[in-house]
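Next come the chains, spelled out residue by residue.
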Amino acid sequence: MFAKRQGEEKQQEFWIERTRVSKPPSQGFYSKLNEHLAAMDFARQVWALCEPAYREESRGGRPGIDPVVYFKMLMVGFFENLRSERAIAARCADSLSVRAFLGYGLEESPPDHSSLSVIRQRLGPELYQGVFEIVLSALKAHGLFRGRHLGIDSSVIEANASLRTLVHRNTEKAYWEYVKELAAEQGVDTQDEGALRRFDKNRPGRRTSNEEWKNPHDPQAKVGRTKEGACDMIYKPEHVTDLESGAIVQAEVLEGDHADTKALSERVACAVEVVNRIAVHEEDGVVRSLTADKGYFAIEEIAQIQEFDLRTVIGDANAARRRKERLAAPLRKALHRAACAVKSQSGKALLRKRGMHLERSFEHVLDEGGMRRATLQGTENLTKRHKIAAACFNLSLLLRTLLGVGTPKQWMAGAYSLLKALIGYLFGPTWRFGLGKWEMKFRASAQESF
């Protein structure tokens, strides 16, 4: 059978008009996205930002790749939930709708994954911050960003590193070589992998400390707990969010063992600078409050933040113990102001918004935007990719407000939702109930067939 199929005569090449090529359902979303990017003058602003990184005239070799195409490919990675640059390049080469979004014809080849890596290494972090602020300015123009009340929180990213390759920081000895030496001293058979693992799990004084052990391939990755509670190499992404609209104001990836309270006032000051740059025509001191969970409470940092004339809505996990401490008058005053802010009605409302908007941003960026597991190494590389993913989240918020849909999946599901609402409206509540039962049966049968 297979020999016969291989011997069949193949159809010869033929010419077809480009306008007659079938269009996929998701092309409407990307065409609308292109329209809104053009409306915010995205291309011209990106060219102005990236101009210092490109030569005016080519001196041989291939011509440079348009930076707008590069950032659009990263947008595709967010909207299509693609983790790696290799997967992004493959999707851009395979999809007709994405090709049209990038401006590539059927006869042209989009950039491959190696080109994406080279561009990422050559463009500095300040350029990624500039692209992020372009989208944030568009939100401001449509009234979706005010920046008066900010919230801050962190999550977990699984690093592109393995616990198996840990080495000691001083001796450079591999972890399992160290365990085998201890097992041999206790008379454990080092050739038995199961016995060796049981010994390592139950040996007294077992401690995998980041001060003692590191990953030689990614030294900035740290040992910690993943979202599911497993022990692995991790990074810590942090978002500063506008609690009135849900827009991300600042996004950064920190080392996995970075304490939430460490240099908190400096990171808050950076977020306030971003708000002031975007809201340049607003009155000074537009940021009024900062809201966070109890893990961000450090009395010295709280006092410094309050010096920025910001209200700190951050609960103190050790409030009872601090009553017995002898604190200086400024710290005691800062502690009292923070406690009053948390107990107030407005403070409780901000804490509820913090849980809603911050958790939603992490869900979209990490779990639905392909960023939960890293394929890059180092905080700088991860921050670059994460900052563009945060910009795409803000862009999705803008599209959801203007169009009613924020992702290609929502766009393709819109026709089904419209049909369902139309049938329910025409045939009444009884048909709506029957349609719901039919939908449940259809999804169950689809899952069984899959």
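Attention here is on the structure that accompanies the text. Please read all numbers here as calculations on a predicted model, not as lab measurements.

**Things to note about the pattern of salt bridges**
At step 1: All told, the structure shown has 18 salt bridges when counted by the stated rule.
At step 2: In this structure, D41 engages R44 in a salt bridge whose closest nitrogen and oxygen atoms are separated by 2.4 Å.
At step 3: Given a relative accessible area of 31%, D41 falls into the partly exposed group.
At step 4: By relative accessible area, R44 is classed as partly exposed at 49%.
At step 5: Close ionic contact of E244 with R148 constitutes a salt bridge, the shortest N to O distance being 2.5 Å. Residue E244 is located in the loop between strand 6 (231-242) and strand 7 (248-255), and its partner R148 is located in the loop between helix 8 (125-141) and strand 1 (149-154); the two are separated by 96 residues in the primary sequence.

**Some remarks on the side chain of T291**
At step 1: Among the secondary structure elements, T291 is positioned in strand 8 (residues 289-292).
At step 2: Ignoring any residue separated from it by four or fewer positions in sequence, one finds T291 in contact with L150, G151, I152, L243, V313, L350, L351 and R354.

**A few points about the environment of D367**
At step 1: With respect to the helices and strands, D367 occurs in helix 15 (residues 345-367).
At step 2: In this structure the C-alpha to C-alpha distance between D367 and N81, which are 286 residues apart in sequence, comes to 8.0 Å.
At step 3: Setting aside its immediate chain neighbours within four residues, D367 contacts N81, F362 and R372.

**Considering the side chain of T241**
At step 1: When you line up the elements, T241 lands in strand 6.
At step 2: By relative accessible area, T241 is classed as buried at 0%.
At step 3: Beyond its immediate chain neighbours, meaning those up to four positions away, T241 contacts H149, L150, G151, G246, A247, I248, V249, H357, L358 and S361.

**Brief notes about the pairing of strand 9 (residues 311-314)**
At step 1: With four bridges connecting them, strand 8 and strand 9 associate as parallel partners. Directly across from S289, in strand 9, lies its bridge partner R311.
At step 2: Following the backbone out of strand 8, through helix 12 (residues 299-307) and into the adjacent parallel strand 9, one traces a crossover that is right-handed.

**Focus: unusual backbone geometry**
At step 1: In this structure, E172 takes a positive phi of about 60° despite not being glycine.
At step 2: The topology assignment puts E172 in the loop between strand 3 (167-168) and helix 9 (175-185).
At step 3: Judged by relative accessible area, E172 falls into the partly exposed class, the value being 47%.

**Concerning empty space enclosed by the protein**
At step 1: Applying the stated criterion across every chain, the model contains two cavities of 30 Å³ or more.
At step 2: As a volume, the largest cavity reaches approximately 60 Å³.
At step 3: Taken together, R83, I157, G370, M371, R373, A374, T375, L376, L382 and R385 make up the lining of the largest cavity.
At step 4: Taken together, the residues that form the lining of the largest cavity break down as five nonpolar, two polar and three charged.
At step 5: Considering the residues around the second largest cavity, the lining is formed by F71, M75, V131, V135, I388, A391, C392 and L395.
At step 6: Of all the elements in the fold, those that place two or more residues in the lining of the second largest cavity are helix 4 (67-79), helix 8 and helix 16 (379-403).
At step 7: Broken down by element, the residue count for the lining of the second largest cavity peaks at four residues, all from helix 16.

**Topic: the environment of A391**
At step 1: On the secondary structure map, A391 appears in helix 16.
At step 2: When the C-alpha atoms of A391 and A251 are compared, they prove to be 9.1 Å apart, with 140 residues separating the residues in sequence.

**Focus: the nonpolar core**
When a protein is soluble and globular, its nonpolar side chains tend to lie buried together.
At step 1: Counting 100 residues, the largest nonpolar core has L33, F42 and F71 as the members making the most contacts within it.
At step 2: Tallying contributions element by element places helix 16 first for this core, with 11 residues.
At step 3: With sequence-adjacent residues up to four places away left out, L33 is seen in contact with F79, F101, L395 and L399.

**Here's the deal with the layout of surface pockets**
Rolled over the atoms, a probe sized like a water molecule indicates the empty space that remains.
At step 1: Looking at the second largest pocket, its volume works out to about 410 Å³.
At step 2: For the second largest pocket, the lining is made up of 15 residues, of which L163, D200, R206, T208 and C231 are closest to its centre.
At step 3: Grouping the amino acids of the lining of the second largest pocket by side-chain chemistry returns six nonpolar, two polar and seven charged.

**What about the packing of aromatic side chains?**
At step 1: The tally for this structure, following the rule as stated, stands at 10 aromatic pairs.
At step 2: Judged by centre distance (5.3 Å) and plane angle (75°), the rings of F78 and F79 are edge-to-face. For the pair shown, F78 and F79 are each scored as buried.
At step 3: Between Y175 and W213, the aromatic rings sit 5.0 Å apart at their centres with planes inclined by 75°, giving edge-to-face as the arrangement. Linking Y175 in helix 9 with W213 in strand 4 (residues 213-214), this pair joins segments that are 38 residues apart in sequence.

Cut-offs applied
Here the residue numbering is sequential within each chain, running from 1 through the sequence in written order. Since the coordinates come from a predicted model, pLDDT governs what is reported: local features require at least 70, and pairs of side-chain atoms require 80 or more to be given and counted, while whole-chain, interface and lining totals use all residues. Heavy atoms from the whole structure form the basis of all side-chain values; hydrogens and water molecules are not counted. By convention in these notes, a salt bridge is any Lys or Arg side-chain nitrogen within 4 Å of a carboxyl oxygen on Asp or Glu. The buried label goes to any residue with under 20% of its type's maximum accessible area, the exposed label to any with over 50%, and the partly exposed label to all in between, with areas taken from a 1.4 Å probe on protein chains only. Comment: elements are numbered from the N terminus, with helices defined as DSSP H or I runs of at least four residues and strands as E runs of at least two. Any two residues whose heavy atoms approach within 4.5 Å at even a single point are treated as in contact. Two strands pair if DSSP finds at least two bridges between them. A clockwise path from the first strand over the helix to the second, with the strands pointing away from the viewer, defines a right-handed crossover. Cavities and pockets were defined on a 1 Å grid built over protein atoms only: a cavity is a set of grid points that admits a 1.4 Å probe from which the probe cannot escape, a pocket is an open set flanked by protein on both sides within 12 Å along at least five of seven lines, and lining residues are those with an atom within 4 Å of any such point. Grid points are joined across faces, edges and corners, and a volume is the space filled by probe spheres set on the points. Each residue gets one of three labels, nonpolar for Ala, Val, Leu, Ile, Met, Phe, Trp, Tyr, Cys and Pro, charged for Asp, Glu, Lys and Arg, and polar for the others, Gly among them. Residue types Ala, Val, Leu, Ile, Met, Phe, Trp, Tyr and Cys, when buried and joined through side-chain atoms within 4.5 Å, form a set referred to as a nonpolar core. To pair, rings of Phe, Tyr and Trp, with the six-membered ring standing in for Trp, must have centres within 6.5 Å; the planes then decide the type, stacked if under 30 degrees apart, edge-to-face if over 60, and tilted in the middle.

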